[in-house]
Amino acid sequence: MEDCIFCKIKLGELSSTKLYEDGDFMIIKDINPVAKIHLIAIPNEHYSGLDMQTEEGAIVLGKILHKIGTLSDELGLSNGYRLVINQGKDAGQTVQHLHIHIIGGEQLHNL
Ligand code: 5GP
Ligand code: ZN
């Protein structure tokens, strides 16, 4: 998808700190962290948001959740973490490529 930051990162056209990658998705460090650890899990496939997702996309999201669980120690998140999807304007979604924020590394404020 042209002009999509996350597609460009996936293609190596923009640099990032990549912590994990497989055939379905990648995990990179967020450029503007809101906590000591702030990562983003990004499906390889471009979906602008949850509303545009397909059934295959839903399967990938499930795989991402499973993988985050198995990688949490390695990512420095053994004390816990928070997953966030900003969907659409009211949630403040700024990058129109579906992604999951992984936030932790310190005590987070209760929601
Ligand atoms: P959203 O607001 O759409 O839920 O999240 C987009 C996230 O992408 C933000 O947390 C923002 O800091 C991050 N971000 C935006 N541009 C870049 C970039 O070029 N590289 C990285 N690593 N993160 C980015
Ligand atoms: Zn994209």
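Residues numbered from 1 in each chain as written. Chains lettered and ligands numbered in written order. Predicted model: local features only at pLDDT ≥ 70, side-chain atom pairs only at ≥ 80, totals over all residues. Heavy atoms only, no water.

(A) Quick look at the sheet that holds strand β5 (residues 100-104). A sheet is described by the order of its strands in space; here five strands give the open sequence β1-β2-β3-β5-β4, paired in antiparallel fashion. The open sheet terminates on both sides in strands that have one partner only, identified here as β1 (18-21) and β4 (81-84). Sheet twist, expressed as the mean angle between neighbouring strand axes with direction ignored, is 20 degrees. Two elements, β1 and strand β2 (residues 25-29), share three bridges in a ladder whose sense is antiparallel. Note that in β2 the partner of K18 across the bridge is I28. (Pairing = 2+ DSSP bridges. Helix = DSSP H or I, 4+ residues; strand = E, 2+ residues; numbered from the N terminus. Axes fitted to C-alpha atoms, helices over the stretch in contact; angles between N-to-C directions.)

(B) Looking closely at the site of ligand 1. Near ligand 1 there are 16 residues, and of these K29, D30, N86, T94 and H101 occur at the shortest range. Separating an oxygen atom of ligand 1 from a backbone N or O atom of G92 is a distance of 3.4 Å. Coverage of ligand 1 by the protein amounts to 84% of the 520 Å² it exposes when considered alone. Counting only elements with at least two residues in the shell around ligand 1, the list comes to α1 (5-10) and β2. (Near = heavy atom within 4 Å. Polar contact = N/O pair within 3.5 Å; in protein donor to acceptor, adjacent residues only side chain to side chain. Areas by Shrake-Rupley, 256 points an atom, 1.4 Å probe, with all protein chains shown as cover.)

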